[in-house]
Structure formats: C-alpha cells, structure tokens
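Inside the fold
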Amino acid sequence: MDPVTLGELLSGLMFFGIIGFLLLGFPVAFSLAGVSLGFGALGWALGVFDPSNFGSLPNRYIGFMTNEVLVAVPLFIFMGVMLERSQIAEQLLLTMGKLFGNLRGGLGMSVIIVGAMLAASTGVVGATVVTMGLISLPAMLRAGYDPKISTGVICASGTLGQIIPPSTVLIFMGDMLSGINSQVQMAQGNFAPVPVSVGDLFAGALLPGLLLVGLYLAYTIFKAITDPEAMPATPLDPAERATLGRDIMVALVPPLLLIMAVLGSILGGIATPTEAASVGAVGAMILAALRWRLSFSILRQTVISTATITSMVFIILLGASVFSVVFRLMGGDNLVHEFLSNLPGGTLAAVAVVMGIMFLLGFILDTFEIIFIVIPITAPVLLALDVDPVWLGVLVGVNLQTSFLTPPFGFALFYLRGVAPAEMPTSAIYKGIIPFVILQVVAIALLFAFPGIVTWLPRLIAG
C-alpha cells in the first residue's frame, strides 16, 4: 500500500478509535491526546508520520494561553456563575413567573424568556438548567403542569446559552474560523482577506437565537391552547400583585442593563469581547453587592467554579491540538477534502453532511469536544468551497445546541435529573425534550433556506 493511502487509512481509523474510547467512558482530553499519540507512533513505524511535527505543539499551547480573545472565556464564565451564586437569576425567575402566571402556559413562557436572558448574561448551560430546575420545576409541578412539558421547557431554555451571545462556544469558534479563513483565503491567492471576528459571530447569532426563542414560545402557546389542562394558569394573590411593579424594577431592570452594556458594546464596536467580558464580570459583582449578596464565600465559590470550567475546556483544547497535528499530517485533510468536494449536490450537500455528522456526534459528545475535533478538519474544506464563515459558525452553534438535549449523553438532561424530584421518571425528561429537538431541526432548516437570518446583521453593522 502506498504511503499516502496508508496515512489516510490510519487517520480515518484514528477518528473512529477516539470515538470508541469515548464510548468506553475515558476522559475526553486524554482520549484525544492518547489515541493520537498512539496512532502517531504507529504512523512513524510505518513511515507515514514524522514525530518531529510534535515540536509545533508548545508554540500552539502558548498561543492559546496568550490569545487575548480567549481571555473572554473565563470572564464570561465568572459573570454567569456570579449571577447564579448571588441568587440574581433566582429572583429573575420568580419575578417573571409572577408576571406571566395569569396566562395559561405563563410559567412555561416565563422560563423561556428568563432562559434567554440568562443566556445573554451568563452563557453557562449547567448553571442555568440547575437554577431553573430548582426553582421553576417545583412551581410548575405544583401548578399542575405536565411533567414532560415542564422538563422539556427547562432543558431547552437552559441550552440557549450555546447560541445567544455571549456564548463561550462562539468565542472559540470565532477564533478558530478567523485563522482558518485567513489560511484558506491566502491559499487561494487573496493576501488581504476580510477578517472574521468573534463580534461577527455574536452579531450573526443574535437573530437565530431570537428565532429559537420565538419557536419555543410559539410551541408553548400552541400547547397551552390545544391542551390547557397540561399548562394551567397560576393567578397572583393580592399581596403578590401589589408588589409586582417593585419586583420587576428590582429583579428585571438591572440584569437587562448589564446585558445591554455587554452585548451593545460588542455589537456597536465600542469594546472587544474581552473588554466587554471584563465589564460584565465587574457588573455582575456590583449587582451582587447592591443586593447584599457579595461575600468572600460567594466570591471564592465563583472563582473556583470558573477555574474548574475553564480548565476543563482548555485541557480538551490541548488534547484536540495533538489530534489535529496527527490527523492532518497523516493525510486526513486530503481524505476529508476529497469526500466533501465530490459529493453530489455541491457545497450545500457538503455543509449538510457535516451538519449531519455533528448532529449524530451530539448524541455521544459534548459541544466543545465536537468543535475542537470537527471544525479544524472540515472548516478548511467548506470555506474553500466559498461557504460564508459567519453563516457556518452560527449554523454549527445552533446544531450543536442539540448535543445538550439529545440522549444518552445530553448534559442538560443530566443536570435536570440531578435536581428533579426522585419520583419523576427519567423517561419524562427524555420525552419532554423531543418537541424541542424537532424545533432545533426546524431552525437549522430555516437557516439553510434563508442564510440572511445570519448574515444580515453583521453586514449591517459593518456598513
């Protein structure tokens, strides 16, 4: 067998080998790095891989650690955890529940709206789902809501942080697509490529995020009309009605101002995502202090949680770097390029196949694991086929939001299972997310059919 074919065969086997190790329960970062090193050694023995290529890894790691854009990730995580630990998110949920409680399905609608607001101020899916599960799920069950609808609404709303800015997934994807797009454009002879920034992806994701919120609300209203017993109204008592106005001003306005300050500064070009994230982190502490919720204990818990989440994401990124080096230099890039370029149906078929693969991987892998593995492999080919990088990034973000919802490894399902009443069957949670996964697929289809939903706002901002 000639070396080129042998290298491509090994790279393909390595990909499936990593999936196999992950299914066996091995940690993601170590599976990525360990299997890749093993196949690299095998490729060296067979003469299709040069181990000196690993010499580039230290520089790549240092590049990740010193990348100013990626500094926004721990800052946004800190902002989200602080809002959750200081019970600002809890007060927001309770107030919105009172505001919409008089309507059939009102509690469900309030959860969706609060989920969107928390997504725009935190972007931390686990904290959002747990907070809403602890507060809203008991209230919905006491009000007589169908358990399947209750769990579905909470899980789906909690995952909006994957696509609504400031999403940490979009930060990583924007940084990756920026570099890949520059390389592809220069390889095609364009030595002054139009840059792709995280701010572009934030702007592109705003309308699709609102589209998902609209689809969730439309389904909730439809269900409330067609099956009113499953989503009854919860009228306020006179005492709650008397304090509703004050509660709205205290619980709703400050987080809205923080969201507007963070997102508005990014979209308006006033601040970079990193600068805006630092403002958001300080703003979250100020809001906590104004409510007498800022203490050394809460600050310590927030810092530890932020460090834990950030370390987890970056160690996966380092493992993915080893995989990327071995896969690409053994010929995996050529294998993927030939496969996607020769598909019947052209560019859209290639994008559809990649989206389908990512959707299936979402059943067994986390969002970060998928983008660190798949984007470096497929994005160069798709961008070379003239796919808009912003459209591609947002499409991937909406697609991978389903990875938190789809069993058996949907993390949002696990988060909710951990705080749901023991008497609630796990099957109710799994059944509850099915309509929302379908809505996700509908949203992806709409973005395919109308790319302007993604590209209109970034182009408007760019003038």
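This text follows the structure it describes.
Right, let's walk through the structure included here. (Residues numbered from 1 in each chain as written. Predicted model: local features only at pLDDT ≥ 70, side-chain atom pairs only at ≥ 80, totals over all residues. Heavy atoms only, no water.)

Some remarks on the overall build of the protein
Formally: Where helices and strands are cited, they refer to DSSP runs of H or I of at least four residues and of E of at least two residues respectively, numbered from the N terminus. Two things to know: the radius of gyration comes from C-alpha atoms, and the globule rule equals 2.2 Å times the number of residues to the power 0.38. We call two residues in contact when some of their heavy atoms are within 4.5 Å.
The number of helices and strands found in the protein is 23 helices and zero strands. For the protein, the C-alpha radius of gyration of 23 Å lies close to 23 Å, the compact-globule estimate for 463 residues. Along the first, second and third principal axes, the C-alpha set of the protein runs to 80 × 45 × 45 Å. Taking all contacts inside the protein whose residues are at least 6 apart in sequence as the whole, residues at least 24 apart take part in 82%.

Describing the packing of helix 17 (residues 346–361) against helix 22 (residues 434–449)
Heads up, the rule is: Axis lines are fitted to C-alpha atoms, over the contacting stretch for helices. Their N-to-C directions set the angle, which ranges from 0 to 180 degrees. Working rule for angles: under 35 degrees goes down as roughly parallel, over 145 as roughly antiparallel, 65 to 115 as roughly perpendicular, anything else as oblique. Left-handed describes a crossing in which the near helix is turned anticlockwise from the far one by less than a right angle; the clockwise case is right-handed. Just so you know the grouping, Ala, Val, Leu, Ile, Met, Phe, Trp, Tyr, Cys and Pro go in nonpolar, Asp, Glu, Lys and Arg go in charged, and all remaining residues, Gly too, go in polar.
Running from amino to carboxyl end, helix 17 crosses helix 22 at an angle of 160°, the nearest separation of the two axes being 12 Å. Between helix 17 and helix 22, the angle is such that the two are roughly antiparallel. Our pair here, helix 17 against helix 22, has a crossing hand that is right-handed. Together, Leu348, Val351, Ala352, Met355 and Phe359 of helix 17 and Val437, Val441 and Phe448 of helix 22 make up the contact between the two elements. Counted by class, the contact of helix 17 with helix 22 contains eight nonpolar, no polar and no charged residues.

Here's the deal with helix 18 (residues 367–384)
Counting along an α-helix, one turn takes 3.6 residues, and residues three or four places apart therefore face a common direction. Short version of the rule: An expected span of 1.5 Å times one less than the residue number is assigned to each helix. Two axes enter the definition of the bend at a residue: one is fitted to the seven residues ending there, the other to the seven starting there, and the bend is the angle between them. Only protein chains enter the accessibility calculation, which uses a 1.4 Å probe; a residue whose area is less than 20% of its type maximum is buried, one above 50% is exposed, and one in between is partly exposed.
Between its first and last C-alpha, helix 18 extends 24 Å over 18 residues, near the 26 Å set by a 1.5 Å rise per residue. At Ile375, helix 18 is bent by approximately 50°, the largest bend along its length, and proline Pro376 sits one to four residues beyond. Counting buried positions along helix 18 yields 16 of 18 residues, so the element is predominantly enclosed. Remark: Asp386 follows helix 18 within two positions and exhibits a positive phi of approximately 70°.

Concerning the nonpolar core
Here is the rule we go by: Residues grouped as a nonpolar core are buried Ala, Val, Leu, Ile, Met, Phe, Trp, Tyr and Cys residues, joined through side-chain atoms within 4.5 Å.
Core analysis: the biggest nonpolar cluster contains 148 residues, and Phe172, Ile371, Phe372 and Ile375 have the highest contact counts within it. Considering every element that reaches this core, the biggest residue donor is helix 18, with twelve residues. Sequence-distant contacts of Phe372, that is, excluding residues within four places in its chain, are made with Phe172, Met176, Val313, Ile316, Leu317 and Ala320.

Some thoughts on the side chain of Ser157
Stated formally: Under this definition, polar contacts are N or O atom pairs within 3.5 Å; protein pairs additionally need one hydrogen-donor-capable and one acceptor-capable atom, and for neighbouring residues in sequence, both atoms have to be side-chain atoms.
Here Ser157 is to be found in helix 8 (residues 147–158). Using a relative accessible area of 1% as the deciding quantity, one classes Ser157 as buried. A distance of 2.7 Å separates the side chain of Ser157 from the backbone oxygen of Val153, its partner in a polar contact. Leaving out residues up to four positions away in the same chain, Ser157 has contacts with Val111, Ile112, Gly115, Met132 and Tyr216.

Some remarks on the packing of aromatic side chains
Just so we agree on the cut-off: Any two rings among Phe, Tyr and Trp, with Trp reduced to its six-membered ring, count as a pair given centres within 6.5 Å; such a pair is stacked if its planes are under 30 degrees apart, edge-to-face if over 60, and tilted if neither.
Inspection of every chain in the model, using the stated rule, returns eight aromatic pairs. Centre to centre, the rings of Tyr216 and Phe436 are 5.3 Å apart; their planes meet at 80°, and the pair counts as edge-to-face. Residue Tyr216 is located in helix 10 (residues 198–226), and its partner Phe436 is located in helix 22; the two are separated by 220 residues in the primary sequence. Its relative accessible area of 0% is what places Tyr216 among the buried residues. Look at Phe436 and you get buried, because its relative accessible area is 1%.

Some details on the packing of helix 15 (residues 296–329) against helix 18
At a minimum axis separation of 9 Å, helix 15 and helix 18 run at an interaxial angle of 25°. As summarised for this structure, helix 15 and helix 18 are arranged roughly parallel, according to the angle between their axes. The chirality of how helix 15 crosses helix 18 is right-handed. For the pair helix 15 and helix 18, the contacting residues are Val313, Ile316, Leu317, Ala320, Phe323, Ser324 and Phe327 in the first and Phe368, Glu369, Phe372, Ile373, Pro376 and Ile377 in the second.

Things to note about the pattern of salt bridges
Heads up, the condition is: One speaks of a salt bridge when a side-chain nitrogen belonging to Lys or Arg is within 4 Å of a carboxyl oxygen belonging to Asp or Glu.
Applying the stated rule across the entire model yields two salt bridges. Residues Lys148 and Asp146 are paired through a salt bridge, measuring 3.6 Å at the closest nitrogen-oxygen approach.

Examining the side chain of Ser305
Within the secondary structure, Ser305 sits in helix 15. The class of Ser305 is buried, set by a relative accessible area of 17%.

Here's the deal with helix 17
With 16 residues, helix 17 extends 23 Å from end C-alpha to end C-alpha; this agrees with the ideal 22 Å at 1.5 Å per step. Buried within helix 17 we find Ala349, Ala350, Val351, Val354, Met355, Met358 and Leu361. The secondary structure elements touched by the buried residues of helix 17 are helix 1 (3–23), helix 16 (332–341), helix 18, helix 19 (389–401) and helix 22.

Let's talk about the environment of Ile438
In this fold, Ile438 is placed in helix 22. A residue is classified by how much of its surface remains accessible, and Ile438, at 49% relative accessible area, is partly exposed. Distance in space between the C-alpha atoms of Ile438 and Thr402 is 9.6 Å, their sequence separation being 36 residues.

Quick notes on unusual backbone geometry
Excluding glycine, residues mostly carry a negative phi; peptide bonds, for their part, are mostly trans. Look at the link from Pro165 to Pro166: it is a cis peptide, with omega at 5°. Here Pro166 shows up in the loop between helix 8 and helix 9 (168–187). One non-glycine residue, Trp292, adopts positive backbone phi at about 60°. Looking at the secondary structure, you find Trp292 in the loop between helix 14 (273–290) and helix 15. The class for Trp292 is exposed, based on a relative accessible area of 81%.

Examining the environment of Gly47
With respect to the helices, strands and loops of the structure, Gly47 is situated in the loop between helix 2 (28–45) and helix 3 (57–65). Of the residues examined, Gly47 reaches a relative accessible area of 56% and is grouped as exposed. Measuring from C-alpha to C-alpha, the distance between Gly47 and Pro3 comes to 7.4 Å, with 44 residues separating the pair along the chain.

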